[in-house]
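Tertiary structure, described
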Amino acid sequence: AQRVTQPEKLLSVFKGAPVELKCNYSYSGSPELFWYVQYSRQRLQLLLRHISRESIKGFTADLNKGETSFHLKKPFAQEEDSAMYYCALSDMDSSYKLIFGSGTRLLVRP
Amino acid sequence: DAGVTQSPTHLIKTRGQQVTLRCSPKSGHDTVSWYQQALGQGPQFIFQYYEEEERQRGNFPDRFSGHQFPNYSSELNVNALLLGDSALYLCASSFSRNTGELFFGEGSRLTVL
């Protein structure tokens, strides 16, 4: 079954500390992985996608097919990074839907 | 560009009633997807509309139906409401060739009493 797992509901770090938001997936096809973010009082928006291989707002994520993971990382957290983060999966070949994880709330303390 | 707009923002219904939620996609987008987000959960795919037809459907009963109009706007209808239908309903639009990059609305929060 297709599934995205985000094991942490809440991740609390201090400003300047490294951040790693975990995402594991279960899928047998050709997955495309995404991270979506929702800042306070804003709508859900795309942060990055694995095929772009970009660094957005200092965040990076590498698709590890062997470990079926797509962890989101940032070396130095900022207070403005506090938000709800969702990992999502889509089938590159045939699916039009995104499968979301349950989300991780990142709290960056001053 | 106002982005994706949804209406109403909040509504309260009773069990057995019917509800219609509306969505206008971002300018230039031709594809609309609907998601249900229960409290503490990630969004769950309901269905997607493209060229006025349902292109794919998630694991939701037939009580959930939709429509897309020629101007690409869309409606989500839910019949015979159950308490468990209480959730935030999100509309997302995209351009057909880039369906992984979704632009979300702020959602319609439905409470079923």
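Structural notes, computed from the coordinates. (Residues numbered from 1 in each chain as written. Chains lettered and ligands numbered in written order. Predicted model: local features only at pLDDT ≥ 70, side-chain atom pairs only at ≥ 80, totals over all residues. Heavy atoms only, no water.)

Brief notes about the overall build of chain B
- For chain B, the count of helices and strands is zero helices and eleven strands.
- Reading chain B from its N terminus to its C terminus gives the helix and strand order β-β-β-β-β-β-β-β-β-β-β.
- Relative to the compact-globule value of 13 Å for 113 residues, chain B shows a C-alpha radius of gyration of 13 Å, a close match.
- Projected onto its principal axes, the C-alpha coordinates of chain B cover approximately 40 × 25 × 25 Å. (Helix = DSSP H or I, 4+ residues; strand = E, 2+ residues; numbered from the N terminus. Rg over C-alpha atoms; globule rule 2.2 N^0.38 Å.)

Side note on the overall build of chain A
- The number of helices and strands found in chain A is zero helices and eleven strands.
- Overall, chain A shows an N-to-C arrangement of helices and strands of β-β-β-β-β-β-β-β-β-β-β.
- In summary, chain A has a C-alpha radius of gyration of 13 Å against a globular reference of 13 Å for 110 residues, a match within 12%.
- Considered along the principal axes of its C-alpha atoms, chain A spans approximately 45 × 30 × 25 Å.
- Once local pairs closer than 6 in sequence are excluded, the contacts in chain A between residues at least 24 apart make up 58%.
- Put simply, chain A shows about 5700 Å² of open surface, and 48% of that area lies on carbon and sulfur atoms.
- A distance of 6 Å separates the average location of the 15 positive side-chain charges in chain A from that of its 11 negative side-chain charges. (Contact = heavy atoms within 4.5 Å. Areas by Shrake-Rupley, 256 points an atom, 1.4 Å probe, with all protein chains shown as cover. Lys, Arg positive; Asp, Glu negative; His and termini not counted. Charge placed at Lys NZ, Arg CZ, Asp CG, Glu CD.)

Section: the interface of chain A and chain B
- Listed as interface residues are 15 residues of chain A and, on the opposing side, 21 residues of chain B.
- Of the roughly 1600 Å² buried between chain A and chain B on both sides combined, carbon and sulfur atoms contribute 50%.
- The tally of links between chain A and chain B comes to two salt bridges.
- A salt bridge links Glu106 of chain B to Arg43 of chain A; its shortest N-O distance comes to 3.7 Å.
- Our count for the contact surface shared by chain A and chain B stands at six residue pairs in polar contact (both at pLDDT 80 or more).
- Elements supplying a minimum of two residues to the side of chain A that touches chain B: strand S5 (31-38) and strand S6 (45-49) of chain A.
- When its residues are assigned to classes, the side of chain A that touches chain B shows eight nonpolar, three polar and four charged. (Buried area = accessible area lost by both parts, 1.4 Å probe. Salt bridge = Lys/Arg side-chain N within 4 Å of Asp/Glu carboxyl O. Polar contact = N/O pair within 3.5 Å; in protein donor to acceptor, adjacent residues only side chain to side chain. Nonpolar A, V, L, I, M, F, W, Y, C, P; charged D, E, K, R; others polar.)

Examining the sheet that holds strand S7 (residues 64-68) of chain B
Residue and element names in this part refer to chain B.
- Sheet architecture is open: four strands sit in the order S1-S3-S8-S7, paired in antiparallel fashion. Two strands in the sheet have a free side with no partner beyond their single neighbour: strand S1 (5-7) and S7. Taken pair by pair, the neighbouring strands of this sheet meet at an average axis angle of 15°, ignoring direction.
- In this structure, strand S3 (residues 19-24) lies alongside strand S8 (residues 74-78), joined through five bridges in antiparallel fashion. Each bridged residue has a counterpart across the sheet, and for Val19 the counterpart in S8 is Val78. (Pairing = 2+ DSSP bridges. Axes fitted to C-alpha atoms, helices over the stretch in contact; angles between N-to-C directions.)

Re the pairing of strand S11 (residues 104-109) of chain A
Residues and elements named next belong to chain A.
- Going residue by residue along S11, you find Thr104, Leu106 and Val108 tucked away on one face and Arg105, Leu107 and Arg109 left uncovered on the opposite face.
- Pairing analysis gives five bridges linking strand S2 (residues 10-14) to S11, with the strands arranged parallel. The residue bridging Val13 from the neighbouring strand is Val108, located in S11. (Buried < 20%, exposed > 50% of the residue type's maximum accessible area, 1.4 Å probe, protein only.)

Thoughts on the pattern of salt bridges
- Enumeration according to the criterion identifies nine salt bridges over all chains in this entry.
- With a closest N to O distance of 3.0 Å, Glu20 of chain A and Lys22 of chain A form a salt bridge.
- Judged by its relative accessible area of 30%, Lys22 of chain A is partly exposed.
- A salt bridge links Asp85 of chain B to Arg63 of chain B; the shortest N-O distance between them is 2.8 Å. Placement of the pair is Asp85 of chain B in the loop between S8 and strand S9 (87-94) and Arg63 of chain B in the loop between strand S6 (53-57) and S7, with a sequence separation of 22 residues. The same class applies to Asp85 of chain B and to Arg63 of chain B, which are both buried.
- Through salt bridges with shared partners, a single network forms among Glu20, Lys22 and Lys73 of chain A.

Description of the environment of Tyr85 of chain A
Residue and element names in this part refer to chain A.
- When you line up the elements, Tyr85 lands in strand S9 (residues 83-91).
- Spatially, the C-alpha atom of Tyr85 lies 9.7 Å from that of Gln45, the residues being 40 residues apart in sequence.
- Aside from chain neighbours lying at most four places away, what touches Tyr85 is Gln6, Leu21, Trp35, Tyr36, Val37, Tyr39, Leu47, Phe59, Leu72, Gly103, Thr104 and Leu106.

Any link to function would need more than the numbers given here.
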